[in-house]
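One letter stands for each residue in the lines below.
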Amino acid sequence: MLHYSAVLNELRFSRDPVALDVLSIKELARQRSAAQMNATSANSILYDNAELLELGVAELDRINVERVKL
């Protein structure tokens, strides 16, 4: 069985679990594209509903990412 992985050298912290999931799905899509693999469809309705329930932010444009380099 083959295993695919990519080391991002990142730690992600947030008070918003929805934003973390959405950002991770975006990164997975980017990694799959770079590896020339078929894209999978994420269930965006789930994340849209989570945003409606005020559990977090599901729109990439509204997610603020701060990168800290050490």
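In short, a report on the structure. (Residues numbered from 1 in each chain as written. Predicted model: local features only at pLDDT ≥ 70, side-chain atom pairs only at ≥ 80, totals over all residues. Heavy atoms only, no water.)

**Brief notes about the overall build of the protein chain**
Phase 1 of the analysis: When helices and strands are counted, the protein chain shows two helices and zero strands.
Phase 2 of the analysis: For the C-alpha atoms alone, the extent of the protein chain along its principal axes is close to 40 × 35 × 20 Å.
Phase 3 of the analysis: Counting the 70 residues in the protein chain, one finds 19% classified as buried.
Phase 4 of the analysis: Surface exposure of the protein chain reaches about 6600 Å², of which carbon and sulfur atoms provide 54%.
Phase 5 of the analysis: The protein chain carries 8 positive and 10 negative side-chain charges, and their two centres are separated by 9 Å. (Helix = DSSP H or I, 4+ residues; strand = E, 2+ residues; numbered from the N terminus. Buried < 20%, exposed > 50% of the residue type's maximum accessible area, 1.4 Å probe, protein only. Areas by Shrake-Rupley, 256 points an atom, 1.4 Å probe, with all protein chains shown as cover. Lys, Arg positive; Asp, Glu negative; His and termini not counted. Charge placed at Lys NZ, Arg CZ, Asp CG, Glu CD.)

**Looking at helix α1 (residues 17–34)**
Phase 1 of the analysis: Counted at 1.5 Å a residue, the expected span for α1 with its 18 residues is 26 Å, and the 26 Å between its end C-alpha atoms agrees.
Phase 2 of the analysis: Burial in α1 covers these residues: V18, A19, V22, L23 and E27.
Phase 3 of the analysis: Elements that come into contact with the buried residues of α1 comprise α2 (44–52).
Phase 4 of the analysis: Its side-chain oxygen at 3.1 Å from the backbone nitrogen of V18, D16 defines the N-terminal cap of α1.
Phase 5 of the analysis: Of the residues flanking the end of α1, it is Q36, one or two places downstream, whose phi is positive at about 55°. (Expected span 1.5 Å × (residues − 1). Contact = heavy atoms within 4.5 Å. Polar contact = N/O pair within 3.5 Å; in protein donor to acceptor, adjacent residues only side chain to side chain.)

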